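Overview (structure and organization)
So the chains spell out like this:
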Amino acid sequence: MLDPDRVRHDDLRGGTPPWHTMLQRPTRRRIEESFRCGVLVVGAGITGSLAAEHLACLGHDVCVIDRQRPGFGSTTASTAMLLWEIDRSLTELTDLYGFERAANIYRRSEAAVGGLMQLVAARGLVCGMSPRHSLYLAAGESGPRELRAEHDLRARVGLPGELLDHPALLREFGIHREAAIVSPGSSDADPVLLSHALLAEAVRQDAKLFDAHAIGYDSSSDAVIVVLDEGHVIEAKHVVLATGYVMPDILTSDLHKVVSSWAIATPPQQPETIWRDKALIWEASEQYNYLRATPENRIVIGGEDDDTVVEPEARDALMPAKARVLREKLKALWPRAEAMAEFVWSGAFGTTIDGLPLIGPVPGHPRIHAAYGYGGNGITYSYLASRMIAASIAGDRKPWFDDFAIDRDAPKEC
Ligand SMILES: Cc1cc2nc3c(=O)[nH]c(=O)nc-3n(C[C@H](O)[C@H](O)[C@H](O)COP(=O)(O)OP(=O)(O)OC[C@H]3O[C@@H](n4cnc5c(N)ncnc54)[C@H](O)[C@@H]3O)c2cc1C
């Protein structure tokens, strides 16, 4: 369990990712006195930036606080594959929650990636975002039969995608696996640029960004009093908690846990060395590896998650060994690559047992809204959270929000 008052960015990630960190630096003001605002967003990573931009755009009086440099927490460790396919396959999610509910969750996820792409295009945000196909490879216990069942179930929902057998996969993508599902509708980006561009956009729409550390929340009246470590307070009509994998004590959930994950980025490859269309590649396995290519033609490969390693020092000490494994995996999957690791990094990675995020009012605190995008779709979920929370604040809560509620029942299988 991460201690909310002590954890700092260095505890959340180690090493160096390949993202652009020097272009836009949102400036935080110091807080000189207590004040009131409409909505206070706590945390200015990708989740808080998405919420702040949307709420400011809707005309709310928005303040954002972060105790450290915005965008340099878990956001900078992200490999930023913006997939609508979620960690639990549609088949698994159907087993957990039934077909209708699982189908709706997948539809929401697909719409969220589409919404994020539209937002970036409409605002002209410079963040290296590109639309991508995803390539979901047979792996481990998921062979051609399981992938066909998954494909058929997705087709029943109306989700796009094509099943490739081994010869077709080899012909189309040059990859040796028994089968794959190739699907349109995903994208990738530079997570730090995306986060900073959104924050700049929020500030342009009158959101105010402060350097402050929230240490307590009192929601006993018809506003929320947020206590800061320096002694001032901010009184807000609503609070959005976007503190990443560090959750304040008022929020508890049995559904999530934090594990460790690692990634590497190669030097830029010759363009012809990259697979077709820089598709986002991942595996149909619980312990999956995933690959993407950056605009500079670096290959990023990540995974090797470990739930027995949680201490930052132990996680970071494993970087050389994990980098070796990831290079071997890259060579096996894509022998044409120059499988060097120019960048190696690690990160705390939050997961939930059903692969879904924790979004919605904190139980017992209806004016405090949680935006925790756990799982491999963290950023997709952050977008979803920003829209759901804005709707809740407007009094337009929909029944389907319960699928992501913090206090949802754990599925029976778990
Ligand atoms: C190795 C790795 C790979 C990943 N790959 C992907 C991927 O391919 N696709 C994807 O969608 N997701 C991916 N994720 C997940 C994604 O990165 C996260 O879901 C996302 O970055 C979380 O962003 P955030 O804004 O919620 O948290 P953060 O970026 O950690 O931001 C939270 C901010 O809150 C601030 N804060 C915390 N507590 C307080 C407080 N009390 N007062 C004031 N400020 C506070 C922190 O300083 C921090 O800046 C990956 C994660 C990792 C680690």
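Not measured: the values here are computed from a predicted model. (Residues numbered from 1 in each chain as written. Predicted model: local features only at pLDDT ≥ 70, side-chain atom pairs only at ≥ 80, totals over all residues. Heavy atoms only, no water.)

Things to note about the packing of helix α2 (residues 46-57) against helix α5 (residues 99-123)
Closest axis-to-axis distance for the α2/α5 pair is 13 Å, and the angle between their directions is 65°. Regarding α2 and α5, the two cross each other, and that crossing is left-handed. Side by side, α2 and α5 meet where L50, E53 and C57 of the first sit next to L116, L119 and R123 of the second. Counted by class, the contact of α2 with α5 contains four nonpolar, no polar and two charged residues. (Axes fitted to C-alpha atoms, helices over the stretch in contact; angles between N-to-C directions. Helix = DSSP H or I, 4+ residues; strand = E, 2+ residues; numbered from the N terminus. Left-handed = near helix turned anticlockwise from the far one by under 90°. Contact = heavy atoms within 4.5 Å. Nonpolar A, V, L, I, M, F, W, Y, C, P; charged D, E, K, R; others polar.)

Quick notes on the packing of α5 against helix α11 (residues 378-393)
Where α5 meets α11, the closest approach of the two axes is 9 Å, and the angle between their N-to-C directions is 85°. Comparing their axes, α11 and α5 come out roughly perpendicular. Judged by residue contacts, R108, S109, A112, V113, G115, L116 and L119 of α5 engage I379, T380, Y383, L384 and R387 from α11. Of the residues that constitute the contact of α5 with α11, the class distribution is seven nonpolar, three polar and two charged. (Parallel < 35°, antiparallel > 145°, perpendicular 65-115°, else oblique.)

With respect to a negative patch on the surface
A contiguous patch of negative charge on the surface is contributed by E92, D95, E141, E146 and E286. Take D95: it is sitting in helix α4 (residues 90-97). (Patch = residues over 30% accessible without salt bridge, like charges linked within 9 Å, V, L, I, M, F, W, Y side chains within 5 Å. Areas by Shrake-Rupley, 256 points an atom, 1.4 Å probe, with all protein chains shown as cover. Salt bridge = Lys/Arg side-chain N within 4 Å of Asp/Glu carboxyl O. Lys, Arg positive; Asp, Glu negative; His and termini not counted. Charge placed at Lys NZ, Arg CZ, Asp CG, Glu CD.)

Topic: the domain arrangement of the protein
Split into domains, the protein comes out as domain 1 (9-77 + 192-253 + 355-404) and domain 2 (131-185 + 255-352). Averaged C-alpha coordinates put domain 1 and domain 2 at centres separated by 29 Å. At the junction of the two partners, domain 1 supplies 21 residues and domain 2 supplies 23 residues. For the pair domain 1 and domain 2, the summed buried surface comes to about 1700 Å²; carbon and sulfur atoms form 58% of the total. When the buried area of domain 1 at its contact with domain 2 is split by residue, P18, W19 and Y245 rank highest and sum to 26% of it. Inspection of the region where domain 1 meets domain 2 yields zero salt bridges. Of all the secondary-structure elements, those providing two or more residues to the side of domain 1 that touches domain 2 are α1 (9-12) and β1 (13-15). (Domains from an automatic or database assignment. Buried area = accessible area lost by both parts, 1.4 Å probe.)

What about the nonpolar core?
Counting 61 residues, the largest nonpolar core has L55, V62, L93, L116, V240 and L356 as the members making the most contacts within it. Counting residues per element, the ones that place at least two in this core are β3 (35-42), α2, β4 (62-66), α4, α5, α6 (144-157), α8 (191-204) and α11. Here this core spans two domains, since at least three of its residues come from each of domain 1 (9-77 + 192-253 + 355-404) and domain 2 (131-185 + 255-352). Excluding residues within four positions of it along the chain, V62 makes contact with V39, V41, A52, L55, A56, D206, A207 and K208. Counting residues in hydrophobic clusters, the runner-up holds 36 residues, among them L40, C63, I65 and I368. (Core = buried A, V, L, I, M, F, W, Y, C linked by side-chain atoms within 4.5 Å. Buried < 20%, exposed > 50% of the residue type's maximum accessible area, 1.4 Å probe, protein only.)

Quick look at the site of the ligand
Neighbouring the ligand are 33 residues, the closest being T47, D66, T75, T79 and I379. I379 is positioned such that a nitrogen or oxygen atom in its backbone is 2.8 Å from an oxygen atom of the ligand. Contact with the protein chains removes 97% of the 1000 Å² of surface that the ligand exposes when unbound. Elements with a minimum of two residues in the shell around the ligand: α2, α3 (74-77), β17 (343-352) and α11. Across the shell around the ligand, the residue classes tally to 14 nonpolar, 17 polar and two charged. (Near = heavy atom within 4 Å. Polar contact = N/O pair within 3.5 Å; in protein donor to acceptor, adjacent residues only side chain to side chain.)

Notes on unusual backbone geometry
Excluding glycine, most residues fall at negative phi; most peptide bonds, likewise, are trans. The phi angle at D206 is positive, at roughly 80°, despite the residue not being glycine. As for its position among the elements, D206 is in the loop between α8 and β9 (208-211). The exposure class of D206 is exposed, given its relative accessible area of 58%. One non-glycine residue, K278, lies in positive phi territory at about 50°. Of note, K278 is situated in the loop between β13 (256-265) and β14 (280-283). Overall, the relative accessible area of 16% leaves K278 in the buried class.

Points about the pairing of strand β6 (residues 130-137)
Across the eight residues that make up β6, a large majority, six, are buried. Pairing between β6 and strand β8 (residues 179-188): seven bridges, direction antiparallel. Paired with R132 across the strands is S186, a residue of β8. Of the pairings in the sheet, the one linking β6 to β14 comprises four bridges and is parallel in character. Opposite L137, over in β14, you have E283 as the bridge partner. (Pairing = 2+ DSSP bridges.)

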